[in-house]
Amino acid sequence: MVTFREHIRTWVSPRNILASLLPAVVAAGVMVLCDAIDGNGYFAFSHTVRHALLLTGGMTLLFLLLLAVAPYTRLPQKEKRDGDSRDANKVRWYSRHAVLVETGIIFLCWLPWLIALYPANFLGDTLISIGWFTGTVDGAGNFLSDHNPILTVALFGGLAELGKLLHHVGLVFFVFVLVQAVCTCYAFARAVQYVYTEFGLRKVARNLALGFYALCPLFPVWCTYLSKDALFSPLFVLWCVHFVELVRTSGRSMASSREAVVFSLLTIAACLTKKLGIYILLPSIFIALICCAISRGGSDAFEGNVAHDGGVACSGAHGEGKTSGTSRVPVMRNVIISFVASAAVLLVLVPHVLLPILHVRPTERYETYSVQLQQTARYVADHPDDITAEEWSAIDRLLDGSDLSTRWVWYISDPVKYRISEPTDAYSDWLKAYLAEGLRHPLSYVQSYVALESGFGKSDLQIAVQMDSSFMSAYDASDIPDAYMSTGWSLKTGEMAERIYTKLTSLPIVGLAHRCVVYTLVIPGFYVAALLASRRKKAWMWLIAVPFALTELGLWISPISITVLGSRYFLPLLYCGPWLFLLSMAMYASGSPADGESYGDDAPSKSASQASLSAAEA
């Protein structure tokens with residue numbers, strides 16, 4: 001039995017303080033730089049030292065407090081959940097039943113928001129996709145481009161065509177919003193229930209996470225958007241659940257052919273809705289594949305944590321029992337097949353077979369250089385007299401330098417890159433000029449980059465949302481058909497929803513949950529703090545962080561971070577935020593004295609783990 005004094009001594013130990021301080025310093029440094037960007041996109045440092053100290057100290061204290069609370073979110077080992085004594089079939093039924101009930105509760109909480117914002121909301125990419133598919137852009141019928149994922153182009157365009165056929169486009173969009181909301185609710189409920197079941201959390205921790213998903217208006221509002229980001233994010237949440245189980249069991253979860261098929265389908269579906277997913281999901285699986293192969297080859301860096309970490313031993317991502325005696329070959333074979341099949345579809349079949357057959361135009365190359373093109377435009381605005389004739393010729397050939405300095409807008413790169421006419425061979429000369437100018441005036445590039453991404457790191461900036469799509473007309477003169485817009489009663493309910501949302505976000509505590517940095521820096525920072533402070537073997541815990549780290553890296557090369565157009569880029573982190581926070585608490589708690597084990601014990605012995613696994617099989 002751990003006394004209160006021992007718990008306090010452990011809580012303020014040098015290990016916990018250092019583990020909390022390191023991610024706090026990094027997060028605070030990013031916030032300080034982003035907060036220093038003024039309304040013109042330039043650094044304006046004021047009271048920087050005090051601001052940095054306050055942010056660092058506040059987050060360090062917050063992380064320490066969360067580490068102190070974390071052990072009490074998990075059931076002690078001696079308090080076995082009732083599910084431990086039930087057979088595997090009852091455990092699977094209970095988990096699935098609970099997820100369905102939780103899905104229904106969350107959806108009912110969201111329903112007033114969904115109805116109030118009838119029929120749906122649209123972003124520029126969505127309207128362009130519909131226009132390409134329906135032939136309302138440049139009068140080109142059935143025009144298809146890989147600028148947006150072809151799956152989303154066909155989906156949103158198909159919905160618009162179906163609406164025309166039924167003479168009620170708005171209703172068709174609204175039905176899709178409802179379906180999207182139900183699927184998103186299921187993803188949230190499944191993720192929370194997984195952590196609750198597998199890591200032996202108390203019901204109060206599970207209910208708080210579910211309550212946040214159900215009551216925070218950010219989630220239902222974003223579910224009203226027809227957007228590739230709103231499609232990708234719930235798929236990413238579900239994929240992460242299966243990825244965590246894959247890593248946590250050293251690949252044993254993939255012994256089930258059904259699990260391997262589901263995981264592969266989730267991987268393909270997620271990447272087909274957002275191209276960035278290819279650079280997040282496939283590398284994560286590849287790294288996990290290598291580590292699982294090493295682990296099962298003799299190392300127990302990943303094993304020995306599995307059975308101990310769950311109230312219901314090894315019930316799996318779908319509640320299916322794991323086979324402790326599963327041979328290495330079938331398990332690794334399924335993991336390899338899943339990875340190869342997903343990579344073949346995403347890297348070969350779709351881009352080199354399907355798209356050419358459908359005569360889909362390839363995506364523009366400038367999307368890869370959004371940040372660099374923005375830096376070039378910033379350089380032209382800042383240093384027009386320090387550009388050689390050769391450099392200017394290269395810039396003008398690619399970007400049209402006649403009005404480049406005036407097209408530059410500090411928080412968005414679209415006005416710069418959308419003047420490029422592709423295909424073109426002007427990139428190579430521009431890259432040479434880009435590198436040379438960056439060496440002469442690196443500060444201009446630094447300010448340009450920080451300004452472009454500052455919306456993700458400003459400590460006082462709330463997540464931007466829109467209750468209707470009329471803002472798109474003011475942004476880029478998007479031609480939004482009247483059938484897509486709110487009319488009649490929905491105008492009044494939309495205005496009411498906006499007033500309620502504004503009132504909620506103005507509340508002191510509630511408003512904090514609507515700040516972008518909570519999901520881009522604070523929660524990821526606490527995850528790192530929990531891993532650094534954990535006293536267990538944690539190789540698998542670090543491996544779980546790979547997809548989240550890649551998502552974070554992808555976020556900080558976005559072409560915009562301000563307004564709702566920028567908010568959509570961090571939806572995966574927003575959707576995963578409460579679940580990742582719960583997972584961080586659970587993983588740290590699994591190695592604390594409150595869990596019923598001494599700090600000297602790193603992990604249960606392999607024999608104990610295997611015995612627990614065998615019990616689960618029986």
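The structure displayed is predicted, hence computed values, not measured ones.

Caption draft 1: View of the overall build of the protein chain. Along the protein chain, the regular secondary structure elements total 27 helices and two strands. Here the protein chain, with 618 residues, has 56% of them falling under the buried criterion. In the protein chain, 83% of the contacts between residues at least 6 apart in sequence involve partners at least 24 apart. Element-wise, carbon and sulfur atoms account for 66% of the exposed surface of the protein chain, whose accessible area totals about 25,600 Å².

Caption draft 2: Examining the pattern of salt bridges more closely. This model, assessed by the stated rule, comprises 18 salt bridges. Asp229 is the salt-bridge partner of Lys274, the closest N and O atoms lying 2.8 Å from each other. Here the residue Lys274 occupies a position in the loop between helix H11 (257–273) and helix H12 (278–296), and Asp229 occupies one in helix H10 (residues 228–248), the gap between them amounting to 45 residues. Asp229 sits in the buried class, given a relative accessible area of 0%. Here Lys417 makes a salt bridge to Glu367, at a shortest N to O gap of 3.0 Å. Of the two residues, Lys417 is situated in helix H17 (residues 414–417) and Glu367 in the loop between helix H13 (328–357) and helix H14 (370–382); the sequence distance between them amounts to 50 residues. The structure contains a network of salt bridges with shared partners spanning Asp125, Lys228, Asp229, Lys274 and Arg568.

Caption draft 3: Looking closely at the nonpolar core. The biggest cluster of nonpolar side chains holds 136 residues, and the ones touching the most others in it are Leu574, Trp579 and Leu583. Sort the elements by how many residues they give to this core and helix H7 (residues 169–198) lands first, with 14 residues. With 26 residues, the next largest nonpolar core counts Ala377, Tyr379, Ile395 and Ala426 among its residues.

Caption draft 4: Here's a closer look at the side chain of Ser444. Mapped onto the elements, Ser444 comes out in helix H19 (residues 442–453). Residue classification places Ser444 among the buried positions, given a relative accessible area of 4%. A distance of 3.2 Å separates polar atoms of two side chains, one belonging to Ser444 and the other to Asp382. Sequence-distant contacts of Ser444, defined by excluding residues within four places in its chain, comprise Arg378, Tyr379, Asp382 and His383.

Caption draft 5: Focus on the environment of Val169. Position of Val169 relative to the elements: it lies in helix H7. Counting along the chain gives 10 residues from Val169 to Leu159, while the straight-line C-alpha distance between them is 7.8 Å.

Caption draft 6: Structural detail: the state of the cysteines. Tallied over the entire structure, the rule returns zero disulfides. Unpaired in terms of disulfides, Cys240 finds its nearest cysteine sulfur in Cys576, a separation of 4.5 Å. The exposure class of Cys240 is buried, given its relative accessible area of 1%.

Caption draft 7: Geometry of the confidence of the model for the protein chain. Confidence along the protein chain averages 82 in pLDDT terms, with 80% of residues attaining 70 or more. The model gives residues 298–326 a pLDDT under 50, and that stretch makes 123 contacts with residues more than four places away or in other chains. For the stretch residues 592–618, pLDDT sits under 50, and the model shows 49 contacts to residues farther than four places along the chain or on other chains.

Caption draft 8: Representation of the packing of helix H8 (residues 203–215) against helix H26 (residues 571–589) within the structure. At a minimum axis distance of 10 Å, the contact between H8 and H26 shows a crossing angle of 170°. In this view, H8 runs roughly antiparallel relative to H26, as classed from their interaxial angle. Residues Ala205, Ala209, Phe212 and Tyr213 of H8 form the contact with H26, whose own contacting residues are Tyr575, Cys576, Pro578, Trp579 and Leu582. Each residue belonging to the contact of H8 with H26 can be placed in one class, and the counts come to nine nonpolar, no polar and no charged.

Rules of the game
Sequence positions are assigned chain by chain, starting from 1 and proceeding in written order. pLDDT decides what is reported in this predicted model: residues at 70 or higher carry local features, side-chain atom pairs at 80 or more are listed and counted, and totals for whole chains, interfaces and linings draw on all residues regardless. Side-chain metrics rest on all non-hydrogen atoms present in the structure, leaving aside hydrogens and water. Only DSSP runs of H or I reaching four residues or more are called helices, and only runs of E reaching two or more are called strands; each is numbered from the N terminus. The cut-offs for exposure are 20% and 50% of the maximum accessible area for each residue type, with area from a 1.4 Å probe on protein chains only; residues under the lower value are buried, those over the upper are exposed, and the others partly exposed. The contact definition used throughout considers only heavy atoms, calling two residues in contact when any of these lie within 4.5 Å. Computed with the Shrake-Rupley method and a 1.4 Å probe, the accessible areas treat only the protein chains shown as cover for residues. Salt bridge criterion: a side-chain nitrogen from Lys or Arg within 4 Å of a carboxyl oxygen from Asp or Glu. The nonpolar core is taken to be a set of buried Ala, Val, Leu, Ile, Met, Phe, Trp, Tyr and Cys residues, with the residues joined through side-chain atoms within 4.5 Å. Polar contact criterion, stated in full: a pair of N or O atoms within 3.5 Å, where within protein one must be able to donate a hydrogen and the other to accept it, and residues adjacent in sequence count only if both atoms are side-chain atoms. Disulfides are defined in this document as cysteine sulfur pairs within 2.5 Å. Confidence per residue, as judged by the predictor, is encoded in pLDDT with a range of 0 to 100. Axis angles are defined between N-to-C directions and span 0 to 180 degrees, where every axis is a line fitted to C-alpha atoms and, for a helix, only to the segment in contact. Oblique is the label for any angle not covered by the other classes, which are roughly parallel (under 35 degrees), roughly antiparallel (over 145) and roughly perpendicular (65 to 115). Only Asp, Glu, Lys and Arg are considered charged, only Ala, Val, Leu, Ile, Met, Phe, Trp, Tyr, Cys and Pro nonpolar, and every remaining residue, Gly among them, polar.

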